Amino acid sequence: MTDAMAQQAQVPDTGRIIDHWRGGAQHLPADAEAAKAFCAPDPGLPHVHHTLQEFVGRAVQVVAEQGVNQFLLLGAGTPTPGNVHEILPGARVLYTDIDAANIASGSEILATTPGVEYTYCDATDLATLDQEMMDRVLDPTAPIGIVLTGVTVSLDDDAVHRTLSGIFDWASRGSYLVVDFGGEALASFPASKEMVLDQAGNPLHPRGPHQIYPLLGRWQVTSDGVGPVDTWRKPGPQPDKVFMYGCVAYKP
Ligand SMILES: C[S@@+](CC[C@H](N)C(=O)[O-])C[C@H]1O[C@@H](n2cnc3c(N)ncnc32)[C@H](O)[C@@H]1O
């Protein structure tokens, strides 16, 4: 546990709850308790977060194969084991979030990792990204792999469209977007209304692929399409219920 985490009040935090589900060490007893209580109605929930992280791993590898070696994570939460800088050692990675606790603990976790930093950025307004930090870690003139997971589920359609459009305008040509969306299964999830994924207390927004494609606007979805994160570029039976969809898209 980092010093920053130890100083925090015993209030469960989304990023650290997900860290608990993923078997990490960056969480407090209050987070572990909340994690257990939260998934009591559906013990499959921690598995959903494993599949999301595995999707991100496969997706950033696909992006790296296109020659992209720098990544910006928006709404990064806690940089749990298996995160982008571990999957792509040597890549420059800037993690960002709006949550001060995540920024503080993430910065401590990454303090000794060269080329990897954690700072503030509101994903809905990339003008909030600290330019000095940006320039230190990433080259804004070269293609960037942008990862946005666990965020759109809390935004309504207008906000998602605006956010993805804002990221498109900000990104250099040849950049890639790795993004997920809450799937239809969330609609019937008994704990959805109190879901820790939605720290601000906003309602969740479950969506199917036909609702997701229009939200991507000018982003060009790769031939893998929008699919359940479980089976995106991973052969296997389709899940009977979809908690999360994901895709990779690029800016031509
Ligand atoms: C469910 S967690 C997802 C964490 C991580 N991306 C993952 O997929 O496991 C959502 C994170 O997004 C952050 N967040 C919510 N709204 C945001 C915004 N407008 N800009 C940046 N981060 C945001 C929260 O603070 C939280 O850390």
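Since we're looking at a predicted model, the values are computed, not measured. (Residues numbered from 1 in each chain as written. Predicted model: local features only at pLDDT ≥ 70, side-chain atom pairs only at ≥ 80, totals over all residues.)

1. A word on the pairing of strand E5 (residues 176-182)
- Most of E5 is tucked away, with 7 of its 7 residues classed as buried.
- Alternating positions in E5 separate into two faces, Tyr-176, Val-178, Asp-180 and Gly-182 on one and Leu-177, Val-179 and Phe-181 on the other, with burial throughout.
- By the bridge criterion, 4 bridges tie strand E4 (residues 145-148) to E5 in an arrangement that is parallel. Bridged to Val-147 within E5 is Val-178.
- In this fold, the crossover linking E4 to E5 by way of helix H8 (residues 157-170) has right-handed handedness.
- Examined bridge by bridge, E5 and strand E8 (residues 244-250) share 7 bridges and lie antiparallel to one another. Its bridge partner being in E8, Tyr-176 is matched across the sheet by Tyr-250. (Buried ≥ 20, exposed ≤ 12 C-beta atoms within 10 Å, placed from the backbone. Helix = DSSP H or I, 4+ residues; strand = E, 2+ residues; numbered from the N terminus. Pairing = 2+ DSSP bridges. Right-handed = clockwise from strand over helix to strand, strands pointing away.)

2. Some remarks on the site of the ligand
- Near the ligand, the surroundings consist of 20 residues, among which Gly-75, Gly-77, Asp-99, Thr-149 and Gly-150 are the closest.
- A total of 3 residues in the shell around the ligand trace back to one element, the largest contributor, which is helix H2 (residues 14-21).
- For the shell around the ligand, the class distribution of residues is 8 nonpolar, 9 polar and 3 charged. (Near = placed C-beta within 6 Å. Nonpolar A, V, L, I, M, F, W, Y, C, P; charged D, E, K, R; others polar.)

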